[in-house]
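One-letter residues, chain by chain:
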Amino acid sequence: MGTPIRHPLVDAVTARVVRVDGRGRVLRLSPPMADLLRRRRHRRRIVLVSSERSRLTVGLRSALVEAGAAWVVHDDRGDLRDGLTGRPYDAVDDAGIPVEELGVEKVEFPEIGPAVDTRVQLTIDLTVLHLPAHDMSLGGALETISQAVSGSLPVSWGVTEPMLSAWDRWALTQHARHAAPEPLRMLVEGPHLSATVTARVTEHGTEETMSITVDVVHPADGDSLDAGIDRLTGALAEIARDSLPTFALVVAREGEVDRCVCAVTYPPPNPVALLIGAPSVKRLGLDLTALPTGETVRVVGRPSLPAFVVPLGDASTPGWDALHQTLEAVGPERLATLVSPPLLQAWEEDLDEFDLLDESRVQGDASGSEAGDMEEGRDDSAS
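Analysis parameters
Residues numbered from 1 in each chain as written. Predicted model: local features only at pLDDT ≥ 70, side-chain atom pairs only at ≥ 80, totals over all residues. Heavy atoms only, no water. Pairing = 2+ DSSP bridges. Helix = DSSP H or I, 4+ residues; strand = E, 2+ residues; numbered from the N terminus. Buried < 20%, exposed > 50% of the residue type's maximum accessible area, 1.4 Å probe, protein only. Arc of directions from axis to C-beta. Axes fitted to C-alpha atoms, helices over the stretch in contact; angles between N-to-C directions. Parallel < 35°, antiparallel > 145°, perpendicular 65-115°, else oblique. Left-handed = near helix turned anticlockwise from the far one by under 90°. Contact = heavy atoms within 4.5 Å. Nonpolar A, V, L, I, M, F, W, Y, C, P; charged D, E, K, R; others polar. Core = buried A, V, L, I, M, F, W, Y, C linked by side-chain atoms within 4.5 Å. 1 Å grid on protein atoms, 1.4 Å probe; cavity = no way out; pocket = protein on both sides within 12 Å on 5 of 7 lines; lining within 4 Å. Points joined across faces, edges and corners; volume = space filled by probe spheres on them. Salt bridge = Lys/Arg side-chain N within 4 Å of Asp/Glu carboxyl O.

Help me understand the sheet that holds strand β17 (residues 270–276), please; the structure alone is not making it clear to me.
Read across the sheet, 10 strands follow the order β11-β10-β12-β13-β14-β9-β15-β17-β19-β18 without closing on themselves; strand pairing throughout is antiparallel. Single-partner strands in this sheet number two, and they are β11 (165–166) and β18 (298–302). In this structure, strand β13 (residues 193–202) lies alongside strand β14 (residues 205–215), joined through 10 bridges in antiparallel fashion. Directly across from Val197, in β14, lies its bridge partner Met210.

Spelled out as structure tokens, the structure:
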């Protein structure tokens, strides 16, 4: 059975897994769960086991994935399967077998019921770099996106759930600074928003990585996806003008009203937009002629720090082909080096060479009228 692990959440320990039984309808990243996921596991994988009626919060799902843990569902038929992928298991211990040891034999996945009563949502994965200044503040891009897409702002944050602290960008920033040099993942909630924010504070600056799920709702537009994409595109333009984003991928999907994750099947997600931030444009030497959708790309940001917002799909058009073509044009291998953390370490030479962080600060203090002209449409001089 292996060596016992003393922890209040652990229900069983085998040679392969540390088993935790989730007994609630909504499973959250509680302080004990966060503590367990942070511990060294050696060769054992933490496996959360629940019924198929349980659901995971965005915070718990993110923490499980980051820790390399698994969610195993014990369904009403008595069968076991991975709650995120649907892969069947004969026993909970099978969830502890490394993927590379599973072999290449074809697996017959079980039929899984479809999601019901879903709502239109956008998920945004975004990274922003910040100058190492005393007045640096996290959470600005998150507020901009939440306000644009849902007409609401975050209301609470914390490192575990439930989140007991009222939304406060200064407190969020100070918490990240006190954790330095270790990166810190924080959770954020609002009436139509669930997000994780990971901050890595270094002497070179701060890397803020967000994974955001926001409901597409608006007093005038309702849940119109295309209207939501338009509003988000404007928000990305504002972020590129006021800060220094590197990349953002926007995906439309159907999700739960409470934005939790259930062990059901959802309609396929649809990538709808890609932001290539100014540091990426500069490092890759990109111009519009290199992009397959150059005629529809929106040039945003500031005149000497241009960024590109690439439209991919919409409510009636899948964006996968456009995404693959754009990534191929940029170069997958080169792109991988730009999105692998820690970004500030990987970009240190470029930031020094181009002085991008300082240039961002200087231009941010200047009048935005010239930059505002870029946001109205494509910069024809760059084509």
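Structure shown, so let's carry the discussion forward.
Where do I start with helix α7 (residues 320–330) in this structure?
An α-helix turns once every 3.6 residues. As a result, residues three or four positions apart point the same way. Residues of α7 that are buried: Ala322, Leu323, Thr326 and Val330. Projection of α7 onto a plane perpendicular to its axis shows the buried side chains occupying an angular sector of 100 degrees, all on one side. Turned more than 90 degrees away from the buried face of α7 sit Asp321 and Glu328, all of them exposed. In the segment just after α7, Gly331 is the residue with positive phi, at about 110 degrees.

Would you mind going over the environment of Ala322 with me for this structure?
With respect to the helices, strands and loops of the structure, Ala322 is situated in helix α7. Note on Ala322: relative accessible area 13%, which makes it buried. Between the alpha carbons of Ala322 and Val310 there is a distance of 9.1 Å; along the sequence they are 12 residues apart.

I would appreciate a short explanation of the packing of helix α3 (residues 140–150) against helix α5 (residues 225–242) in the present structure.
The angle between the axes and the distance between the axes are what describe a pair of packed helices. Interhelical geometry of α3 versus α5 gives an angle of 155 degrees and a closest axis separation of 8 Å. Judged by the angle between their axes, α3 and α5 are roughly antiparallel. For the pair α3 and α5, the sense of crossing is right-handed. Residues Ala141, Thr144, Ile145, Ala148 and Val149 of α3 form the contact with α5, whose own contacting residues are Arg231, Leu232, Ala235, Glu238 and Ile239. Taken together, the residues of the contact of α3 with α5 break down into 7 nonpolar, 1 polar and 2 charged.

Please clarify how the side chain of Thr57 should be interpreted in this entry.
Secondary-structure assignment places Thr57 in the loop between β5 (55–56) and α2 (58–67). In this structure, Thr57 is in contact with Val26, Leu27, Arg28, Leu29, Glu161 and Cys260, ignoring residues within four places of it in sequence.

Would you mind showing me how to read the nonpolar core here?
The nonpolar side chains of a soluble globular protein tend to be buried with one another. Leu122, Ile124, Leu126, Leu142, Met186, Ile212 and Leu232 are the most contacted members of the largest nonpolar core, which has 45 residues in total. With 8 residues, α5 is the single largest residue contributor to this core. Leave out the neighbours within four places in its chain, and Leu126 touches Ala141, Ile145, Glu208, Thr209, Met210, Ile239, Pro245, Phe247, Ala248 and Leu275. Of all hydrophobic cores here, the second largest spans 24 residues; its members include Met33, Ala34, Leu36 and Ala63.

Just to check I follow, could you spell out empty space enclosed by the protein for this structure?
In total, this model carries 1 cavity of 30 Å³ or more according to the counting rule given. Empty space within the largest cavity amounts to approximately 30 Å³. Taken together, Ala240, Ser243, Leu244, Pro245, Gly277, Ala278, Gly301, Arg302, Leu305 and Ala307 form the lining of the largest cavity. Every element with two or more residues in the lining of the largest cavity is listed here: β15 (244–255), β18 and β19 (305–311). Its residues assigned to classes, the lining of the largest cavity comprises 6 nonpolar, 3 polar and 1 charged.

What is the right way to read unusual backbone geometry from this model?
Here Glu161 and Pro162 are connected by a cis peptide whose omega angle stands at 0 degrees. Looking at the element boundaries, Pro162 is found in the loop between β10 (156–158) and β11. Of note, the amide linkage connecting Ala180 to Pro181 takes the cis form, showing an omega dihedral of 10 degrees. For Pro181, the location among the structural elements is in the loop between α4 (169–179) and β12 (184–190). You will see that Asp117, though not glycine, has its phi angle at about 55 degrees, which is positive. The residue Asp117 is located in the loop between β8 (88–89) and β9 (119–130) in this model. Even without being a glycine, Arg259 presents a positive backbone phi close to 65 degrees. Inspection of the secondary structure assignment puts Arg259 in the loop between β15 and β16 (261–262).

So what exactly am I meant to see when it comes to the pattern of salt bridges here?
Pairing is possible between side chains of opposite charge, provided their charged atoms come close. One pass over the full model with this rule turns up 19 salt bridges. Residue Arg23 is joined to Asp21 by a salt bridge in which the shortest nitrogen-to-oxygen separation is 3.9 Å. When the shortest N-O distance is used, the salt bridge between Glu52 and Arg81 registers 3.7 Å. On the criterion of sequence distance, the pair formed by Glu52 in the loop between β4 (45–51) and β5 and Arg81 in strand β7 (residues 80–82) is long-range, its members being 29 residues apart.

Teacher, can you tell me more about the environment of Gly205 here?
Along the chain, the position of Gly205 falls in strand β14. According to the relative accessible area criterion, Gly205 is buried, its value standing at 0%. Taking C-alpha positions, Gly205 is 7.1 Å from Leu129, a pair spaced 76 residues apart along the chain.

Would you mind going over the sheet that holds strand β6 (residues 70–74) with me for this structure?
In a beta sheet, neighbouring strands pair by backbone hydrogen bonds and run either parallel or antiparallel. Sheet architecture is open: 6 strands sit in the order β1-β2-β4-β6-β7-β8, paired in mixed fashion. The sheet is open, and its two edges are formed by β1 (12–13) and β8, each paired on a single side. Bridge count between strand β2 (residues 17–21) and β4: 5 bridges; the pairing is parallel. Its bridge partner being in β4, Val18 is matched across the sheet by Ile46.

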